[in-house]
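Examining the three-dimensional arrangement
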Amino acid sequence: MELRGRLDHLARRVVGWAFARPTVLVADSPGTTVLRWQLEAELDRRRWPIARSPADADLLLVLGEPGPNLQAALDVVWSQVPAPRQRWDIQPGADISTALDRSHAALLDMARQPEPRTDDPGEFLPQNRSHDEHHHDDDHDDGGNDGDHDDGGDGHHHDQQGHEHGGHDAAGLPMAGTAPDRDGLELDSLHVRLGPVLPSWPTGLVIEGRMQGDVLTGVHASWIDRPAPRRPGDPGDPDDPGGLSGLRDAGGASGLRDAGGASGLSDPAGVSGLSDPGGVSGLGAWSDLSAEDVTLLDWLDRLARFLDVAGWPAAATRTRRVRHDVLRGGTVNDARADGSARRTVRRIRRSATLRWSVGGIDAVLDRVHQWCDHVLDGVANSRGTTGSEGDAAGPPGGAAGSPRTWTDVEALVDGQDLAAIRLIVASLEIDTDGGSGASTQPTPSTAGQTQMGGADE
Amino acid sequence: MGEAALVLLVGLGLGAVFAATDHAVLTADAHGIGVPIRRATRLLLTQRRTTLAPDRLLWRIGCVAVPLLAFGSLAVVPITGSSLLSTTADLVWFNTMEVLLWGAVWLAGWGPNAVHALTGGYRFLAQGLAYELPLMFAIITAGLGAGSLNAESVVAAQDGMWFVVTMPVAFAAFLLGAAGFAFWGPLSAPAGADIAGGVMSELSGVDRLSVEAGRAVFLGSAAAMAATLFLGGGHGPWLPGTAWLLIKTLLVIGAMILAGRRMPVVRPERFMDVAWIVLIPATLVQALAVALLVISGYYG
Amino acid sequence: MLTDVTLAVLGVLAVAAGGAVFTVDSMARATYALLASFLAVAGIVLTLDLTYLAVVTALMMTMEMAIMGVFMVMFMMNPGGLMPMTMMHNTRGAAAVGVAVFALLTTGIWTIDWPDARGRPSRDSTHQLAEALMGSHMLVMVVVAAALFATIIAGTVLATHRGRYDRFGPNLDARPPRDPIPGGLPR
């Protein structure tokens, strides 16, 4: 009996040790950017790693109040998190540290009393949405032995049937068919949906298209939970609440702008105004952050996320640390933050490998370099000094070659491979707090599984 | 039996060292010594999840094969002066283990029936076509210098001078290839953050442990092989040969991590160009130079 | 004895895996069943102490199958085995050819008067093999290798539908070239 007790005790300690630093998946609802920054700062302080996909997560932390569709997407994400696991909501203004402590304690409890849990990922997929009308005459898929593999007609036929649907459904997932690819080859083609929840992805953005190999064509971009018709190419009406919110306008002049104000979303934490670096509005509880600080934080955030996507985790971590320092100090005048910001950002700005690896895709590199310049300028200005190596920087927010409409974005990413799409999206100044969209950052992936299933939207 | 246990132990040790150092450099956190062990324990305690309509058989084969191949590659490294499997074609054996990884990683990406995982698998093969030939030429260059494909003979041939002196290009190509087949550092696109972890994205529990640990052991094994082929293996004064090999291996690990983490991921299409236009000719010229030295009797 | 058992097991495995190619219902499984068959053959060669041949067989076949798998999956239908499919084509003709070839080979194997082994096997069979294969034919091998490589390149050049005029324009002076994906080096 005593031995049993000791073994139990030992097992409890082992579990406690193993899960001392749980891996965290962060899902941020619209308007929770500052909350996310604070959370990430606290996570870094505790050295709790951020998960790249639900499969590697222990905790799913949902910030703010996600809209219905985002909520549904999060349910799917949650279904993919292996036990032991905890899902925790954190509202703006809540004590982050307490929330983390509690969720961690609950996680340990669950790990110590393992309950068999089997979620069928299929439950969450929209299996039986009426695709049936497409189901006539797919019989040539059945045999595959009658020598018509390369018959171009088949592909076209599928194409006309509706791009998301190449053939049969299997286990609730649409099967891939074949279609002519970018280079004219008859290739396997699958309807794929990126988002709304992915690491370092603007939460709520959904990009759909036909994937062949890893090249996406026929791209359509949209925001989840944004009811009003957003029509690409419309000469955005500034007063249209459902308009092209989400795409931050570079010059700050066009109607694309920031839905932060236009949509009348009232953000509990009051930081919806991020979209406009020139004038941050509604800082609310975070009024100790000056407008410049928030702008600087925003640039640092975008930069860190871009570096994550570009596969430079060391630099991303350092950039994020600078952001934490600025956030904590409440000002960029903090000497340490200043120094490390300069060093970090300069190194990124000068990196020849980054230039070489990322260059050649649209103007991605220019935009990222501009962020670097802005950060360097921001630091310099707040120190009362002027000039930095990047005086090419225009006015804040004036990113080079930024697309202005959703059609532009779709044109940019159409025919690109997954890596390029991720880099392009990460380099755009997309306002995630706007509208009733969703917010930003290292978040779960609704990795392929779910996207294949959620084939229509 | 004892030798097999030694390979297992050294493999796990080197893998843990690699993972811990990598973590420390990545997060600038020097307290990460226990991180790999903690992570392994956590993964053992985590549920093994599945996906919708996976190809479970192939998925499992892929996951299990990664660590097996890693230990298999270490089996031909003469850790104690002699290796577990001493054959007449050690170098090709190492190469084969690493090529079998092509299949294993692709299967790990294919199995879960998920877009990101499959994309990771594709990327791995695409990248393989880039790094594989330079890596092969690098390995064969060491064999050429020694006049033997046996690892122990290659070490013996470096008694007077380490091969790295006359084969610097091959050494660099070998380390680059190691980063490639372990999809790590600048060549980690198959497990990239932009595809949510790619081939790793759907793995949890013991499956993830298998692939992550296998990858770390492979990196440690590759470092040991680099020390064997180019840095004189166990040659060195005062200390026993095993100690020298391990010291050199640790130095190679450190150098790989410091260099590899200084840069972002190189996208496969970029690397492909460099590999075929620069690396392959460079490694061929390196092999030619070594062949001429062999003919001139330079290596004795 | 142990060698015999190993050889028998690997032989059966090779045939079974080869048969599996035609019974599994997914391209990926068919490809990797074929690879398993090749690996079993490599195991047989390894058991016969021809290490170099064995590992090279495993190496080459793995690369080939891994790449072939991708093409099978991308060009063929039903790659994942979520639907019924078959790998059989022209079943009757194939069966006839298969039986005939099998009979021919088996008859040959059992009726040929194989010479008895003379001398002892070399300690380094790899070296011996290299001498036997290459020793007196090095020049031929080198020429053949270059010719084969040239054939591969020529085949690729002929097959690609984008020539240099498509890339560099009618006067071959368009820089950078029009490529769907830019390469990693300046052109």
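Residues numbered from 1 in each chain as written. Chains lettered and ligands numbered in written order. Predicted model: local features only at pLDDT ≥ 70, side-chain atom pairs only at ≥ 80, totals over all residues.

Taking an unreviewed UniProt entry as the reference, chain C is identified by name as NADH-quinone oxidoreductase subunit J belonging to Phytoactinopolyspora halotolerans. UniProt, in its Catalytic activity (unreviewed entry) section for chain C, records the words "a quinone + NADH + 5 H(+)(in) = a quinol + NAD(+) + 4 H(+)(out)". Under the UniProt heading Subcellular location (unreviewed entry), the note attached to chain C is "Cell membrane". (UniProt positions renumbered as here; feature names shortened; annotations may be inferred.)

You'll find chain B entered in an unreviewed UniProt entry as NADH-quinone oxidoreductase subunit H, with Phytoactinopolyspora halotolerans given as the organism. Per its UniProt entry, chain B bears the Sequence similarities (unreviewed entry) comment "Belongs to the complex I subunit 1 family."

**Some points on the overall build of chain B**
A tally of regular secondary structure across chain B gives 11 helices and 0 strands. Taken against the 2.2 N^0.38 rule, which gives 19 Å for 300 residues, the C-alpha radius of gyration of chain B at 19 Å falls within 12% of a compact globule. With respect to the three principal axes, the spread of C-alpha positions in chain B is 60 × 45 × 35 Å. Expressed as a percentage of its 300 residues, the buried residues of chain B come to 66%. Within chain B, residue pairs in contact and separated by at least 24 positions form 80% of the contacts whose partners lie at least 6 positions apart. (Helix = DSSP H or I, 4+ residues; strand = E, 2+ residues; numbered from the N terminus. Rg over C-alpha atoms; globule rule 2.2 N^0.38 Å. Buried ≥ 20, exposed ≤ 12 C-beta atoms within 10 Å, placed from the backbone. Contact = placed C-beta atoms within 7 Å.)

**Side note on the overall build of chain C**
Helices and strands together make up the secondary structure of chain C, namely 7 helices and 0 strands. The order of α-helices and β-strands along chain C, N terminus first, is α-α-α-α-α-α-α. For 187 residues, the compact-globule estimate of 2.2 N^0.38 gives 16 Å, and chain C exceeds it by more than 25% at 23 Å. Seen through its C-alpha atoms, chain C measures out along the principal axes to roughly 70 × 50 × 30 Å. Residues counted as buried form 22% of the 187 residues belonging to chain C. By sequence separation, contacts in chain C at least 24 residues apart represent 56% of the contacts at least 6 residues apart.

**Remarks on the interface of chain C and chain B**
Each partner contributes residues to the interface: chain C has 28 residues there, and chain B has 28 residues. Elements with a contribution of two residues or more to the side of chain C that touches chain B: helix 2 (27–47), helix 3 (51–75) and helix 5 (125–134) of chain C. Ranked by residues supplied to the side of chain C that touches chain B, first place goes to helix 3 of chain C with 13 residues. Among the residues making up the side of chain C that touches chain B, the classes are represented as 16 nonpolar, 10 polar and 2 charged. (Nonpolar A, V, L, I, M, F, W, Y, C, P; charged D, E, K, R; others polar.)

**What to know about the UniProt feature "transmembrane region" (unreviewed entry) in chain C**
Residues and elements named next belong to chain C. In the UniProt entry, the feature "transmembrane region" (unreviewed entry) is given for residues 6–24, 31–48, 54–73, 94–112 and 132–159. The span residues 54–73 is 100% helix and 0% strand, and its two end C-alpha atoms sit 28 Å from each other. Secondary structure across residues 94–112 divides into 95% helix and 0% strand, with the first and last C-alpha atoms of the span separated by 27 Å.

**Considerations on the interface of chain B and chain A**
Taken together, the contact pairs 43 residues of chain B with 51 residues of chain A. For the side of chain B that touches chain A, the secondary structure elements donating two or more residues are helix 1 (2–27), helix 2 (35–44), helix 5 (115–146) and helix 9 (205–230) of chain B. Element by element, the count of residues in the side of chain B that touches chain A is highest for helix 5 of chain B, at 6 residues.

**Thoughts on the UniProt feature "transmembrane region" (unreviewed entry) in chain B**
Residue and element names in this part refer to chain B. As annotated by UniProt and renumbered to match this structure, "transmembrane region" (unreviewed entry) occupies residues 57–79, 129–149, 161–184, 238–259 and 271–299. Helix makes up 86% of residues 238–259 and strand 0%. Its end C-alpha atoms lie 30 Å apart. Between the end C-alpha atoms of residues 271–299 the distance is 34 Å, and the span holds 86% helix and 0% strand.

**Concerning the nonpolar core**
With 232 residues, the main nonpolar core has F174(B) and A226(B) as its most contacted residues. If you tally residues by element for this core, the top one is helix 5 of chain B, at 16 residues. (Core = buried A, V, L, I, M, F, W, Y, C linked by C-beta atoms within 7 Å.)

**Structural notes on the sheet that holds strand 1 (residues 24–28) of chain A**
All names here are of chain A. Strand order across the open sheet formed by 3 strands is 1-2-3, with parallel pairing between neighbours. Looking at strand neighbours, the two that pair on one side only are strand 1 and strand 3 (86–90), the edges of this open sheet. In this sheet, adjacent strand axes meet at a mean angle of 20° when their direction is disregarded. Bridge analysis of strand 1 against strand 2 (residues 59–63) gives 5 bridges, and the strand direction is parallel. Across the sheet, residue D28 finds its bridge partner in strand 2, namely L63. Helix 2 (residues 33–46) contacts strand 1, strand 2 and strand 3 of the sheet and is inclined by roughly 170° relative to strand 1. Contacting strand 2 and strand 3, helix 4 (residues 96–112) crosses the sheet at an angle of about 165° to strand 3. (Pairing = 2+ DSSP bridges. Axes fitted to C-alpha atoms, helices over the stretch in contact; angles between N-to-C directions.)

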